[in-house]
Amino acid sequence: MIEPGVIKKLDEVVVNRIAAGEIIQRPANALKELLENSLDAKATIIQVTVKSGGLKLLQIQDNGTGIRKEDMAIVCERFTTSKLTTFEDLTSIATFGFRGEALASISHVAHLTIQTKTVKEKCGYKASYEDGKLKAPPKPCAGNQGTIITIEDLFYNMPQRQQALKSPNEEFQRISDVMSKYAIHNSKVGFTLKRFGEQPSVKTAPNSSQQANIETIYGASIAKELLAVELKDDVHKFQMNGYITKVNYSSKKGIMLFFINHRLVELASLKAAIDNVYSTYLPRGMHPFAYISLEINPSNIDVNVHPTKHEVHFLYEDEIVEKIKQNLETKLLGSNETRSFYKQLKMPGASEPLAGTKDLDSSLKNVSVDRINPQNMIRTDSKEQSIYKFLNVEGVKLNDSGCSMSLSSSSAGLPEESFRDIAHKKSKEVKLTSILNMQKKIENDCSIEIRKMVKELVFVGVVDKQFALFQHETKLYMADTIKLSEQLFYQRLLYEFENHKMISIKPQPLPVKDLIKLALNTPESGWTEEDGDKDELAERASEILIEKSPIMREYFSMTINSSGQLETIPSLLDKYIPSKTFLPIYMLRLATEVEWDTEEECFETFCRETARYYAMVSEAERLEMPKQHKWTVEHIIYPAFKKYLLPPNNLKKYIFELANLPSLYKVFERC
């Protein structure tokens, strides 16, 4: 029999060394802690000297307040600090350090020497430390005000850590990266970094500016493309300022500097948001430069998250990141002087924009009227035509009812001519708070950049049932029509809430139970024997829809009579008829996926499922009537995108840039 191990208390030296390894992971971590100590000490000059990537020597010298002689005995003990008294102080902490662990940790994994002098003392004092303790009493020495901390033989007692580190050159680059970021953020402080015995590799002057330091450290190619950004928000109590590059700059290795309350941090959500903003402008795999400084109410931040303090948690992170993202999008959209956008005059009789989009579109009117170079010329005359003009593809004529559908029987087993007449319904004013909130969210989430692109697109042609081509300005794009349609139909359901026209099911209503049974026989339903008998499942599902039919009829013009027959479905776009093939699976999903018990969730899930159905295109139907499909996409779907769609940012991933005229022009210039 195996006996349990004996639990015993670890030796204090072992505990401290384990803790030190968490905080001081490499030379760059040690430097970050020491830089923050110097800044807390109000230093205006900070000099760092490095040997062998910081493993042999890492020395930092500052002209800060220094350390009192009386405190030198305990300065390297764990949890000794001048910056924190009670745990509650963390809610208003305004300094970088607060744990009192940095110097203690360094003393457990390196040979540490501190030389310091305060303004009141006549001389300085020097002392060495090991495992958090003084090796000998401090000795008087000559020196200027401030502190010199010397770290030698880092990780001398942790050979595994030494072996895991990168080469001295790579470690020096990490040190240089940390030093550079703090030099940019703290531009009033002079920073110098050099290898031992060599000229400085980073050097900034005191009382400089952030812009000047960016140029000094990262070069003129970034500095000349800088764009200042700022934002103040009283709702979530934060302030943002910084610099980003215009869309003419990009590099394979993006540079992003994030500071929260002057602390250098990693913020994955903000990095992803910035990359998302630039993804429209930059080639794939290319990234911008961004320096963002956030000041957030200290009571909303938890800095006690990670031993290295490179992570912080704060309230309203998603909301704050989204507001910053929208601010950057707006700034980029109209700010680049090297790019010109041209506005086409409205033709007589052109319709007014959809209510709710006017304010969004007004922000797109900052345009210039300069001379157009040949590679930027865009055809905008009355002879615009799609690609079909050159492929000898005939158009499709409408029938008397206004719908061009003449449906044949499909694999779903529905009768021919299933959808036909379009009835009308009197308009009502929407008063439900849940719907108004959902409409407001659509408007708040709308990307101005994508809205401009969609509003001004010129349709080119259909690729297949899913993709189509369009032109915007000098670029050719391929868009996922199904994904964009899904968003469009979702929005039409909400904006026409209680006011939908109706599409009648002809020549006779369809039994809902039979439709659901048809759906259960398809792989899309996911039915297995464990789910039970199909007839029973279909019966229960149809009962749910009959019970909820008053909701669907009143708000969405979908009628299921007391006998369980589907009589009408909503008309979301004039002359648009959804696919008959997917009607059975749609009925099944209404019964199983809609949250009928809560008002807002009910409307949200119903609209999502309905939009999904209306956007689906049957491959069989497309092949049976290819001309009809192309006509519908060109003359119904894409004009509706231009008129109605308020695209959220996540639609960017469904729009792909294929070519742009200036780049092609350069290719031909070289020929």
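Presented here is an overview of the structure given in this document. Worth saying up front: this structure is predicted, and the values here are computed from it rather than measured.

Rules behind the numbers
Residues numbered from 1 in each chain as written. Predicted model: local features only at pLDDT ≥ 70, side-chain atom pairs only at ≥ 80, totals over all residues. Heavy atoms only, no water. Patch = residues over 30% accessible without salt bridge, like charges linked within 9 Å, V, L, I, M, F, W, Y side chains within 5 Å. Areas by Shrake-Rupley, 256 points an atom, 1.4 Å probe, with all protein chains shown as cover. Salt bridge = Lys/Arg side-chain N within 4 Å of Asp/Glu carboxyl O. Lys, Arg positive; Asp, Glu negative; His and termini not counted. Charge placed at Lys NZ, Arg CZ, Asp CG, Glu CD. Helix = DSSP H or I, 4+ residues; strand = E, 2+ residues; numbered from the N terminus. Pairing = 2+ DSSP bridges. Axes fitted to C-alpha atoms, helices over the stretch in contact; angles between N-to-C directions. Contact = heavy atoms within 4.5 Å. Buried < 20%, exposed > 50% of the residue type's maximum accessible area, 1.4 Å probe, protein only. Parallel < 35°, antiparallel > 145°, perpendicular 65-115°, else oblique. Left-handed = near helix turned anticlockwise from the far one by under 90°. Nonpolar A, V, L, I, M, F, W, Y, C, P; charged D, E, K, R; others polar.

A surface patch of negative charge is lined by Glu593, Glu595, Asp597, Glu599, Glu600 and Glu601. By residue number, the principal contributor to the negative patch is helix H18 (residues 599-615), which donates three residues. Its place among the elements puts Glu593 in helix H17 (residues 583-593).

Strand order in the open sheet formed by five strands is S10-S11-S14-S12-S13, with mixed pairing between adjacent strands. The two strands at the open ends of the sheet, each matched to only one other strand, are strand S10 (226-233) and strand S13 (263-265). Recorded for the sheet is a direction-independent mean angle of 20 degrees between the axes of neighbouring strands. Both strand S12 (residues 255-260) and strand S14 (residues 289-296) contribute to a ladder of six bridges, which runs parallel. Note on S14: the bridge partner recorded for Met256 is Ala290. Against the sheet, helix H5 (residues 168-185) contacts S12, S13 and S14, and its axis sits at roughly 60 degrees relative to S12.

Across a regular strand the side chains alternate sides, sitting on one face of the sheet and then on the other. For strand S18 (residues 458-462), the tally of buried residues reaches four of five residues, placing the bulk of the element in the interior. Note that S18 and strand S19 (residues 467-472) share four bridges and pair antiparallel. For Gly461, the partnering residue across the bridge sits in S19 and is Leu469. Where S18 hands over to S19, the hairpin turn is made up of four residues, counted between the paired strands.

Further remarks concern the packing of helix H12 (residues 448-455) against helix H20 (residues 626-644). The interhelical angle for the contact between H12 and H20, taken along N-to-C directions, is 135 degrees, at an axis separation of 8 Å. The orientation of H12 relative to H20 falls into the category oblique. Handedness of the H12/H20 crossing: left-handed. In this structure, H12 contributes Arg451, Val454 and Lys455 to the contact, and H20 contributes Phe641, Lys642, Lys643 and Tyr644. In terms of residue class, the contact of H12 with H20 is made up of three nonpolar, no polar and four charged.

For strand S1 (residues 45-51) and strand S8 (residues 190-195), the ladder comprises six bridges, and the chain directions are parallel. Opposite Thr49, over in S8, you have Lys194 as the bridge partner. Of the pairings in the sheet, the one linking S8 to strand S9 (residues 200-203) comprises three bridges and is antiparallel in character. Bridge pairing links Leu193 to Val202 in S9. Adjacent in sequence and paired antiparallel, S8 and S9 are bridged by four residues, among which Gly197 carries a positive phi angle near 80 degrees.

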